[in-house]
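Spelled out from the first residue to the last, the chains are:
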Amino acid sequence: FRDKKIPCDAIHLDIDYMDGYRCFTWNKKHFPNPGKMMTELSEDGFKTIVIIDPGIKVDEQYWVFKEGMANKYFCRRCDDYFMEGSVWPGRCQFPDFTNPKVREWWGDLFQELVEQGIAGVWNDMNEPAVFGHGTFPLDVRHNYDGFRGSHRKAHNVYGMQMVRATYEGLKKHQKNKRPFTITRSGYSGVQRYTSTWTGDNSATWDHLKLAIQMLQRLSMSGISFSGSDIGGFTGEPEGELYARWIQFGVFSPLMRVHSSGDTRDREPWTFGVAVEKIAKKFIELRYKLLPYIYSVFWENHKYYFPMLRPLSMMEQEVPENFARDDEFTYGDKLLVAPVIEKGAVSREVYLPKGIWYNFWDFTVYTGGKSYVIPAPIDSLPIFVKAGAVIPEYPVMQYVGEQEIEEMLLNVYYAPYHVKSFMFEDNGDTFGYEQDIYVEKKFATHGNQHVLVIEQEAVGIYSPRYEFYRIKVYGIPFSASKVFIDGKEWKGAKQVKKSKIMVLRAPKNFKRIEIHAADSK
């Protein structure tokens, strides 16, 4: 990835990194010095995520099993025998995560992995899954925080309590760093502890369409931080399907490529030069949009707005929108219409009422109707709501690779009043709980003679950069003068024969006015 300049932040290790699939161990043959490996990966900007399952191998020499047995932490059946089932390590027993003592013990098991350098944990098989039986027998007994009950009562919360224990353990041992976790199973409230993904999908066009629907529905259900296995977990995707899935993946809150070990490789270059080029283009787009994506995450966290919003949410009064489930908005300023048909080079896109800009060529469209939009294999229909202020980073190979010297703000002219939002903090600590952050609220409003951009910043966090580079699209007049906080600014320039203007402004500006030559 680094040699090819394709951005990448995380490597996820599936079950083969373990010693015989024993959780909290390493295969010493292939990973003789995991701490050194993860240190070297970290120096290159890669975070290492490891998978952990609930099944603990029955092995008297295995320290996790011995601790669990000694403390009676494993689930028992109604006849008081231990619940046993077969999963990846073979014969296993399973911790009772509904017991607070078990959760505390489980969280502490991560101490050594954290000290070695893991950046996050991926919980799998926690429905709980058992080979040959599906899940636990219903007579398994659970502590249930002291309100004892059978697996009938505990089944739906088992996976959530497992990832809760994982989250709390990481939070304890990673000190002030926010834990990163993924879970395959959960329940209402699981979003407090983790992200999730849509499970073992297939490399088919139907499953690409299904992923688009599922992520919208999860988002509307309160679980926005979700993704799908890009390219499919099973099966063999052709290059076109992989490219279209990568394009959709840019706008999945969790963007991850993952597949079964017995399928073809999923790295972008394994599909040929043309697909590699497309993947690079769109992964770079993901990194450029990170400040916008991060702001949408904050809106979800603090104000409970879904990150992916179906058109039926954006325009509830339009009955046809309830059937339009293959396009959505990311936040409320970007509309995305993934291509979900093999061989398609265009697709119909419905735009809600208002004015919208084509993200790629800035063509202006009037909303409230549908358009057939060109969508060759190296493109994806994306639209920006008029009046929006979209922050943008330079392309980086990983988050934090370079200091932001100027934040780029993309401003899209609208002949009416529009509010936008940007959130900034230090990125990976709990400082935001002590209000160490800043919420920036932008307002734009224009007419045929003047465009006004206003900023209100609330919060005590101050990013290191001192200036914005502002690009304004769609100005309907030739700009004559620019005023920043009442003072004329001489450095602005309008691109020749274009409706694009570029200017530089202090990050703490309050009001920018762009005037036409005939304005008063």
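Q: Give me the overall build of the protein chain: which residues, what numbers.
A: Looking only at helices and strands, one finds 10 helices and 32 strands in the protein chain. Across its three principal directions, the C-alpha atoms of the protein chain cover 90 × 50 × 45 Å. Sorting the 520 residues of the protein chain into buried and exposed places 54% on the buried side. Counting contacts in the protein chain only where the partners sit at least 6 residues apart, residues at least 24 apart contribute 69% of the total. Accessible surface for the protein chain amounts to roughly 23,400 Å². Of this, 51% is attributable to carbon and sulfur atoms. Considering the protein chain, the positive charge centre built from 66 side chains and the negative charge centre built from 66 side chains are found 4 Å apart.

Q: Just give me the short version of the nonpolar core, but keep the residues and values in it.
A: The biggest cluster of nonpolar side chains holds 74 residues, and the ones touching the most others in it are Phe251, Ile470, Ile512 and Ile514. With sequence-adjacent residues up to four places away left out, isoleucine 512 is seen in contact with Leu451, Val452, Ile453, Ile470, Val482, Phe483, Ile484, Leu503 and Ala505.

Q: An account of the packing of helix α7 (residues 239-249) against helix α8 (residues 273-288) is needed here, citing residue identities and associated values.
A: Where α7 contacts α8, the axes come no closer than 9 Å and their chain directions differ by 5°. The orientation of α7 with respect to α8, classified from their angle, is roughly parallel. Here Gly239, Tyr242, Ala243, Ile246, Gln247 and Gly249 of α7 lie close against α8, whose contacting residues are Val275, Ile278, Ala279, Phe282, Ile283 and Arg286. Of the residues contributing to the contact of α7 with α8, the split by class is eight nonpolar, three polar and one charged.

Q: For empty space enclosed by the protein, give the residues involved together with the corresponding values.
A: Inspection of every chain in the model, using the stated rule, returns one cavity of 30 Å³ or more. The volume enclosed by the largest cavity comes to roughly 30 Å³. Classifying every residue of the lining of the largest cavity by side-chain character gives five nonpolar, one polar and one charged.

Q: So, the sheet that holds strand β5 (residues 90-93): which residues are in play, and what are the values?
A: If you walk across this open sheet you meet the three strands as β3-β5-β4, and the pairing is antiparallel. The outermost strands of the open sheet, each flanked by one partner alone, are β3 (56-57) and β4 (84-87). Pairing analysis gives four bridges linking β4 to β5, with the strands arranged antiparallel. Bridge assignment links glutamate 84 to a residue of β5, and that residue is glutamine 93.

Q: Give a detailed account of the side chain of asparagine 321, specifying residues and quantitative values.
A: With respect to the helices and strands, asparagine 321 occurs in the loop between α10 (311-314) and β15 (328-330). Discounting chain neighbours no more than four positions away, the residues touching asparagine 321 are Leu311, Ser312, Glu315 and Tyr350.

Q: I'd like a description of the layout of surface pockets, backed by residues and values.
A: Put simply, the second largest pocket is a space of about 380 Å³. In this structure, the second largest pocket is lined by 18 residues; those nearest its centre are Glu299, Lys419, Ser420, Phe421 and Lys441. Of all elements in the fold, only α9 (290-303), β24 (418-424), β25 (438-446) and β26 (450-459) reach the threshold of two or more residues within the lining of the second largest pocket. In terms of residue count, the dominant contributor to the lining of the second largest pocket is α9 (five residues). Here the residues of the lining of the second largest pocket are counted per class, giving seven nonpolar, three polar and eight charged.

Q: Please provide a residue-by-residue account of the sheet that holds strand β23 (residues 406-412), values included.
A: The five strands are arranged β22-β23-β27-β31-β30 in an open sheet whose pairing can be described as mixed. Strand pairing shows two members of the sheet lacking a second neighbour, β22 (389-392) and β30 (493-494), which therefore form its edges. Of the pairings in the sheet, the one linking β22 to β23 comprises four bridges and is antiparallel in character. Each residue of the ladder has a partner; that of isoleucine 390, found in β23, is asparagine 410.

Q: For the pairing of strand β32 (residues 511-516), give the residues involved together with the corresponding values.
A: Look at any regular strand and the pattern is simple: side chains alternate between the two faces of the sheet. Across five bridges, the pairing between β26 and β32 is antiparallel. Bridge pairing in β32 places valine 452 opposite glutamate 513. Here strand β28 (residues 479-484) runs beside β32; their pairing, made up of five bridges, is antiparallel. For phenylalanine 483, the partnering residue across the bridge sits in β32 and is glutamate 513.

Q: Could you give an account of the side chain of arginine 347, naming the residues involved and the relevant values?
A: Of note, arginine 347 is situated in strand β17 (residues 346-351). Here proline 338 takes part through its backbone oxygen, which lies 2.6 Å from a polar atom of the side chain of arginine 347. Dropping the residues within four chain positions of it, arginine 347 is found in contact with Asp326, Glu327, Ala337, Pro338, Tyr371, Val372, Ile373 and Pro381.

Q: Describe α8, with residues and values.
A: Taking 1.5 Å as the rise per residue, α8 with 16 residues should run 22 Å; its terminal C-alpha atoms sit 22 Å apart, in good agreement. Of the residues making up α8, those classed as buried are Val275, Glu276, Ile278, Ala279, Phe282, Ile283, Glu284, Leu285, Arg286 and Tyr287. Residues of α8 that are buried sit in contact with α7, α9 and β21 (382-385).

Q: Please give an account of the environment of tyrosine 17 that cites residues and values.
A: The residue tyrosine 17 is located in the loop between β1 (10-13) and α1 (34-43) in this model. The class of tyrosine 17 is buried, set by a relative accessible area of 1%. Between the C-alpha atoms of tyrosine 17 and lysine 28, which are 11 residues apart in sequence, the distance is 8.8 Å.

Q: Can you break down the environment of proline 463 residue by residue, with the values?
A: Following the sequence through the fold, proline 463 ends up in the loop between β26 and β27 (467-473). In this structure the C-alpha to C-alpha distance between proline 463 and leucine 138, which are 325 residues apart in sequence, comes to 54 Å. Leaving out residues up to four positions away in the same chain, proline 463 has contacts with Glu424, Lys440 and Lys507.

Q: Quick rundown of the pairing of strand β18 (residues 355-358)? Include the residues and the values.
A: Here β18 pairs with strand β19 (residues 364-366) via three bridges, running antiparallel. For tryptophan 356, the partnering residue across the bridge sits in β19 and is tyrosine 365. Between the end of β18 and the start of β19, which pair antiparallel, lie five residues, with phenylalanine 362 showing a positive phi angle near 65°. For β18 and β21, the ladder comprises three bridges, and the chain directions are antiparallel. What sits directly across from tryptophan 356, in β21, is lysine 385.

Q: Run through unusual backbone geometry, naming residues and quoting values.
A: Peptide bonds are trans in most cases, and residues, glycine excluded, mostly fall at negative phi. A cis amide bond links glutamate 127 with the next residue in sequence, proline 128, at an omega value of 0°. Of note, proline 128 is situated in the loop between β6 (120-123) and β7 (141-142). Within the chain, lysine 5 stands out as a residue other than glycine whose phi angle is a positive 60°. By the secondary structure assignment, lysine 5 is in the segment before β1. In this structure, phenylalanine 362 takes a positive phi of about 65° despite not being glycine.

Cut-off values and rules
- Residues numbered from 1 in each chain as written.
- Predicted model: local features only at pLDDT ≥ 70, side-chain atom pairs only at ≥ 80, totals over all residues.
- Heavy atoms only, no water.
- Helix = DSSP H or I, 4+ residues; strand = E, 2+ residues; numbered from the N terminus.
- Buried < 20%, exposed > 50% of the residue type's maximum accessible area, 1.4 Å probe, protein only.
- Contact = heavy atoms within 4.5 Å.
- Areas by Shrake-Rupley, 256 points an atom, 1.4 Å probe, with all protein chains shown as cover.
- Lys, Arg positive; Asp, Glu negative; His and termini not counted.
- Charge placed at Lys NZ, Arg CZ, Asp CG, Glu CD.
- Core = buried A, V, L, I, M, F, W, Y, C linked by side-chain atoms within 4.5 Å.
- Axes fitted to C-alpha atoms, helices over the stretch in contact; angles between N-to-C directions.
- Parallel < 35°, antiparallel > 145°, perpendicular 65-115°, else oblique.
- Nonpolar A, V, L, I, M, F, W, Y, C, P; charged D, E, K, R; others polar.
- 1 Å grid on protein atoms, 1.4 Å probe; cavity = no way out; pocket = protein on both sides within 12 Å on 5 of 7 lines; lining within 4 Å.
- Points joined across faces, edges and corners; volume = space filled by probe spheres on them.
- Pairing = 2+ DSSP bridges.
- Polar contact = N/O pair within 3.5 Å; in protein donor to acceptor, adjacent residues only side chain to side chain.
- Expected span 1.5 Å × (residues − 1).

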